[in-house]
Every structure is written in structure tokens, then in C-alpha cells.
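Structural overview
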Amino acid sequence: SYSGVELLLHGLCSNTTIKSLDLKGNNLRTVGAEALGKLLRRNKSIRSLTLEWNSLGMWEEGFSFFCQGLGANNFLQRLDLRNNQINHQGAGELAVALTQNASLQELDLRWNNIGLLGGRALLNCLHRNKTLKRLELAGNNVPGDILKAVEQALDHNQDREAILSEAQNQVCILNKEVLNLKDEKNKQFLDFMDTVDKQKEEKAKSERMSAARVSQLQEALDEQHSIMNSLKAKLQMTEAALALSEQKVHSLGELLNAMKQEQTSVAECHFRELQQQKQESADREGKLLHDLSTASEKNLLLRNQVDELERKCKVQQDQLFQVKQDLANTTAELKLRAVQAEERLEIEKRRFKQSLEDMESLRVKEVDHMTQHIEASERSMQDRIQRLETIRISLEEELSQVKAAALAERGQAEEELIKARSQARLEEQQRLEHLEEKLRLMTESRDEAQNCCLKQKEMVAEAQARAKQLSLHADGLRRRLEELQQDLNSKEEEKVTEVNKVKVELQEQIGHLQAERTAQDGLREKIAALERQLKALSNNHREVLLDKEGDICLLLEKLRMKEAEISRVREEEAQRANFLQNAIMAYVQGPPFGTHSSRK
């Protein structure tokens, strides 16, 4: 019954599970066609609909409503309309529906009455419909050229669908590659941030160590200042002692001169006495023999005294000669020690220079390695960007801008590195000159101390102690040189960290640009979602309007039926009134009762 079909189709409007519906041979007619139109507007789950042997083409209004529902549907993929007596007008309405429909892929219209005009209408609609892949028109009296044109259009639609599917697959693959690249970039950025954090921690540790070393150096400098002050005080004491020793030597020289003068005076006195004695002996030879003997004894005694005095002078001269030899030996030992200390200093200087050269070569190698690594990474990124150039032109422009900025900042960073290296070298040269000046001053003070030590033998021990102190000071200077080298290494590490900071800032800028790009993509996705919502709302609004129009059509049909019934009732009442009027007129115009009976 029609009411059963209508109820069934009305119930299927809200169903979301049925995928295929077969209503073959049910003689649906107008009410069923209208119900099918409503079903196609509202239902979103049915993919296959079979309507064979239903004679839908005989009911023009119902079939037009069915075609309107088909045009509004975007989910049906297969439709079977075989043996439905569809003529060329129905084919035209089907063509209009197919221009609006974007989901139907198979349509079976065999054994209908489409003809030439219907075939042309369907062929014209295929120029707009790009989703229909299969259209069966056998048994419809359609010419062969139109059938061939329809087949060509369907082949074109199939090729277009295949191309679209390939393009979608490529887009999916590219999106996956882009996501993989983003994941790799994020991983690299996280690894780089971890390395930066580690370098920061190492820098903090190095700063702490450098602060401790600076404090130690300050303490060592204070100790050296105190040692220098004590050495100055000792030098003053030694100078005072040397002055006293010089005074003693001068007094000894004066004593020696006085002894020599006394000896000469004694010799002259003896010579005079001998002359007087000779004169007296000459005068008193006979008388003074006893006096001569006594005088000879006195002369012997005097000669013994002179010999003793000469011996004493020789002993003193030997002592002075030994003192001079001892002083010469001590000076030679001091000179040898000074030469050895200078050779050690030169060896340490050479070692320091070699270490500096090694450190510079290592630093150059590290910088080259870093530049090579950066260039390799840039090459790999450029290769990937060249792969994606054909797809993302806007991304290429942004990446080119970012590369230009990175190259400029890299040039600036390299210039800063060169400046920092030149400054470090200048500071090293200044420190070396300062150390050389200190060494020169120390050598001068050492020469002065040696010249002072040549004057007295007792100061040799103090000079040796001073030489030991100088060796300790030289060791302190070596330590100072090592600490300076460590400071240079720390400065180089700080420079490397600054370069890393610059790289981090570059990568942060790249991350900001990528974030902006992702934000733009998100906005585009939001715009696309809003457009989809608008389309969905417009489709819903269109479906509601179509439903309202269908309800209005039903109401109009009911009104027409009611008007037809009212007109029929009016006609029946008019016929009854005419009949009554004729009967009354006949009754009125007829002969009276008496005459009638008389005639009989």
C-alpha cells in the first residue's frame, strides 16, 4: 500500500546504518516518488538504491520531486532506474539533478524511453558532472554517436578521478614528509637546547673555577708582594752589611799602610843607627867591640822581628788571595745558576709558545669542523628544501629570507670571533711583555745582588738563599703562565659559547618563523573549517527549504484535492438542485389531477 511505503521511507530518513536499499517492482507512483525525494534529501547513509520496475517516469510531478532530492543528495553512489518508463523530459530532469549531484558514480537507465533529446541532455550534464563513472543507456533508442560521446565523457571522469586520487596520495605523502621534517627539526632543536644547557653548566663551572683560581692568584700575588718586601728589606740589610764590610776593608788597608810605614820607618831608624854605630865603631873600634857584639845581637833580634812581620804580611796576603778566590768561585756558581735559570725560562717560554700554537691549531681545527658540520647541515636542508620547492613556493621564499639572515649573522659572528682572537693575542703579547719586563727587573736585581755578594764571603749563604727564592719565584711565574694559558682556554670556551648563543638565537628566530607559519596554517585550517561549516549550514538550510517546499507542495495538492471534492460536491448539489427544479417545474407545469384521471 502507498501509506506503508510512505511510512517506510519516512522512517529511513533518520536512519544512519542502512547502506543499500532495494525497492524493485513495488509500483511506487507519485506518493512513493515524493517520499523517495525526501529520503534522498535527508538520509546520509544509503550508498546504493535499486528502483527497477516501478514506472516512476509515468508520474511527472513525483519524478521531478525525486530528481530534486537526487540533486540535493551528496552521499548516494549507485542508482538503478531500469524499466521505469522514463521519457526525454524525465531524462532532462535527471540531467539537471546530475549537474548538482557530486557523489553518484553509477547510474543504470536501461530499457527506458529516453530517446535522442534525453541522450543529449545527459551528455550535456556530463560536461559539469565530474564524478559519474558508469552510465548504462542500452534499450533507450539513443543514437550511437551520443553513446560514444557519453563513453568518452565517462572515461574522462575516470581519468580525472584517478589523477585526483594520485594527487591526494602525493599530498598525503608530502604532508607525512613535512611532519617528519618538523619532527626531525624539533628533535634537533631539543638536542641543541640540551647541549646549550650543558655548555651553560660547564661555563658556570668554569666561571667558578676561574673565580677560585683568581682568588688563588691574588693570594699568590699578595705572597709574592710580601716576599718582595722581605727581599727588599734583606737587600737593605745586605747593603748596610756591605757598607760595614767596605769600611772594615778600608780600615784594614789603612792598617796595612800604617804597618808598611812603620816597617819603613823602623828600617830607616835601623839604617841610621847602623850608620851611627859604624861611625862610632870607626871612631871607637877598639873601645866599642862589646857594643858591636851587643848591636849585632840587637840587629839579629830586629831581623827576626822583620822576618816575623814579613811572614805575617804574607799570611795576610794569602788570606786575602783565598778570600778573592772564594768570592770568584761563588760569583761563578751564581753566574752558572743564573744561566741555568735563564735556559729554563727560555725552555718554558718555548714550551708555552708551542702549547699556544697547538691550542691555536686545535681551535682552528674545531672551528673548521664546526663550519664543515654547519655547511653539511645547510646542504642537507637545502636539498630537502629543493625537493619541496615545487610544492611549497611560499616556504621557499621564507626559507631564503631566513638563510640570508643566518648568513649575515654568521658573518657577523665570524667577524666577532676574529676580533676576539685579535684581542686575545694582543692581551697575550701585553702579558708576555709585562712578564719579560719583570724578568728583566729580576735579572737586574740579581746582578746587583751578585755584585754585592762579590764583596764579602759571609753573604754567600744569603745569596744562595736569595737564588733559591728566585727559583721559587720563577716556578711561581711558570704557574702564572700556566694559569694564564688556562684563562685563555676559558676565554676561548666563552667565545665558543657566545657563538653557540648566536646559533641558538638564529634557531630561535627560525623557530619563531616556523611557529608563525604553523599559526598561519592553523588559521587557514580554521578558515577551511569555517567554510565547511558554512557549506554544511547552507546545505542544511537548503534541505530545510526543500522540506518546506515539499510540505507546501503536499499542502497545495491536498488543497487541490479538497477543492476538487468541493467542486464535485457543488456539481452534485447543482445537479440535484437542477433535478429538483426540473421536477418542480414539471410538477408545476403538468395537468391537474382531475383531468388526468378523466383522461384515463
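Residues numbered from 1 in each chain as written. Predicted model: local features only at pLDDT ≥ 70, side-chain atom pairs only at ≥ 80, totals over all residues. Heavy atoms only, no water.

Next up on the list: helix α2 (residues 29-42). The α-helix winds at 3.6 residues per turn, so residues separated by three or four positions along the chain end up facing the same way. Between its first and last C-alpha atoms α2 spans 20 Å; for 14 residues at 1.5 Å apiece the expected length is 20 Å, and the two agree. Counting buried positions over the 14 residues of α2 gives 10, a clear majority of the element. Residues Gly-32, Ala-33, Glu-34, Ala-35, Leu-36, Gly-37, Lys-38, Leu-39, Leu-40 and Arg-41 constitute the buried set of α2. (Helix = DSSP H or I, 4+ residues; strand = E, 2+ residues; numbered from the N terminus. Expected span 1.5 Å × (residues − 1). Buried < 20%, exposed > 50% of the residue type's maximum accessible area, 1.4 Å probe, protein only.)

A word on the pattern of salt bridges. If you walk through the whole model with that rule in mind, you get 14 salt bridges. Residue Glu-444 is joined to Arg-440 by a salt bridge in which the shortest nitrogen-to-oxygen separation is 3.1 Å. Here Arg-440 and Glu-444 lie together in helix α8 (residues 393-453), a separation of 4 residues that amounts to about one turn. Assessed through its relative accessible area of 36%, Glu-444 is described here as partly exposed. Take Arg-440: its relative accessible area is 45%, and that puts it in the partly exposed class. Here Arg-568 makes a salt bridge to Glu-572, at a shortest N to O gap of 3.2 Å. (Salt bridge = Lys/Arg side-chain N within 4 Å of Asp/Glu carboxyl O.)

The UniProt feature table records "coiled-coil region" (unreviewed entry) at residues 214-248 and 292-547. Structurally, residues 214-248 comprises 100% helix and 0% strand, and the distance from its first C-alpha atom to its last is 50 Å. (UniProt positions renumbered as here; feature names shortened; annotations may be inferred.)

With phi around 50°, Asn-27 is a residue other than glycine that occupies positive phi space. Mapping Asn-27 onto the fold places it in the loop between β1 (20-22) and α2. Look at Asn-27 and you get partly exposed, because its relative accessible area is 36%. A positive phi angle, close to 60°, is found at Asn-141, a residue other than glycine. With respect to the helices and strands, the residue Asn-141 is situated in the loop between β5 (134-136) and α6 (144-283). On the basis of relative accessible area, Asn-141 is assigned to the exposed category, the value being 68%.

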